[in-house]
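As a plain string of letters, each chain reads:
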Amino acid sequence: MRKPIIAGNWKLNKTPSQTVRLIEEFKPLVREARCEVVVCPTSACLFAAREALKDTNISLGAQNVFYEDSGAYTGEVACDSLLELGVKYVIIGHSERRQYFAETDETVNKKVLKTLEKRLKPIVCVGESLAQKQFGVTEEVVRMQTRLALSGVGVGDVEDITIAYEPIWAIGAGMTASSTEANDTIRQIRRVVAEIYTPEASQKLRIIYGGSMNARNAKELLSTSDIDGGLIGGASLKGDLFAQIVNAV
Ligand code: PEP
């Protein structure tokens, strides 16, 4: 009952003209996709991306948003601006934002609440570091991050949320969690959501995997019981590779 989703996180890559070129390259390749397809270019490329995505089956996502509507917040982008630019999804709490831009569980939660209020769909990232994995506290870490991210979110909004389980040690590392490992952690996250809300509500929310997913390993990861899709970094920057992942669903 959950439609799979494959989202490309382009990070700080591509100019507006390169964005259009990449979209033109892969849009014919994903026309028959059996999942939701999302691309998340930089904020500066959203306008160009929206134009290039007209009349396609591909949705637009942003990589970040601010939790206030307006005011003295130099450099930030508000939900209303994203909505005007045709954005549907927003990545929130990516580990790179937590690491380099002081994103905390508290600001992640504020952003989740604001995006839901504005009818944008958050893709909330959670995941453990290598040290946390080695200490055997993955479950505790993702449990805490999930609970804090969803604090104050009403049960009616749960189905608009996607959680991306992204082990930090696997991001951009060429090292992937095994499909069993990723599936088990995703099941734990779903259990946490069931504890907060109800088992029925937890079945409505998509939980996807991110961390060096590519055209070679996508099929195995996506054929597990609980992985509802992927958040793709590096491999989303090549049209043919991204299309292969989309078409692996
Ligand atoms: C990401 O940044 O969300 C990600 C999953 O990156 P990569 O696919 O490059 O590991």
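Chemist: Go over the pattern of salt bridges, please, and point to the residues and values.
Modeler: Pairs can form between side chains of opposite charge once their charged atoms are near each other. Taken as a whole and judged by the stated rule, the model has 22 salt bridges. With its nearest N and O atoms 3.0 Å apart, the salt bridge here joins K121 to D160. You can see K121 sitting in strand β5 (residues 121-126) and its partner D160 sitting in the loop between α7 (138-149) and β6 (162-165), a full 39 residues away along the chain. We classify K121 as partly exposed; its relative accessible area is 22%. A salt bridge links D228 to R190, with the shortest nitrogen-to-oxygen separation between them at 2.9 Å. Pair noted here: D228 is in the loop between α10 (218-222) and β8 (229-232) and R190 is in helix α8 (residues 179-196), with a separation of 38 residues, a long-range link. Where salt bridges share partners, they join D69, D80, K114, E117 and K118 into one cluster.

Chemist: Describe the layout of surface pockets, with residues and values.
Modeler: In this structure, the largest pocket encloses a volume near 480 Å³. Every residue lining the largest pocket is counted, 18 residues in all, and those nearest its centre are L12, Q63, N64, R97 and F101. Looking at which element gives the most residues to the lining of the largest pocket, the answer is helix α4 (residues 95-100), with 3 residues. Here the residues of the lining of the largest pocket sort into 7 nonpolar, 7 polar and 4 charged. Estimated volume of the second largest pocket: approximately 250 Å³. Lining the second largest pocket we find 18 residues, and of these G172, S212, M213, G233 and G234 sit closest to its centre. Taken together, the residues of the lining of the second largest pocket sort by class into 6 nonpolar, 9 polar and 3 charged.

The rules we used
Residues numbered from 1 in each chain as written. Predicted model: local features only at pLDDT ≥ 70, side-chain atom pairs only at ≥ 80, totals over all residues. Heavy atoms only, no water. Salt bridge = Lys/Arg side-chain N within 4 Å of Asp/Glu carboxyl O. Helix = DSSP H or I, 4+ residues; strand = E, 2+ residues; numbered from the N terminus. Buried < 20%, exposed > 50% of the residue type's maximum accessible area, 1.4 Å probe, protein only. 1 Å grid on protein atoms, 1.4 Å probe; cavity = no way out; pocket = protein on both sides within 12 Å on 5 of 7 lines; lining within 4 Å. Points joined across faces, edges and corners; volume = space filled by probe spheres on them. Nonpolar A, V, L, I, M, F, W, Y, C, P; charged D, E, K, R; others polar.

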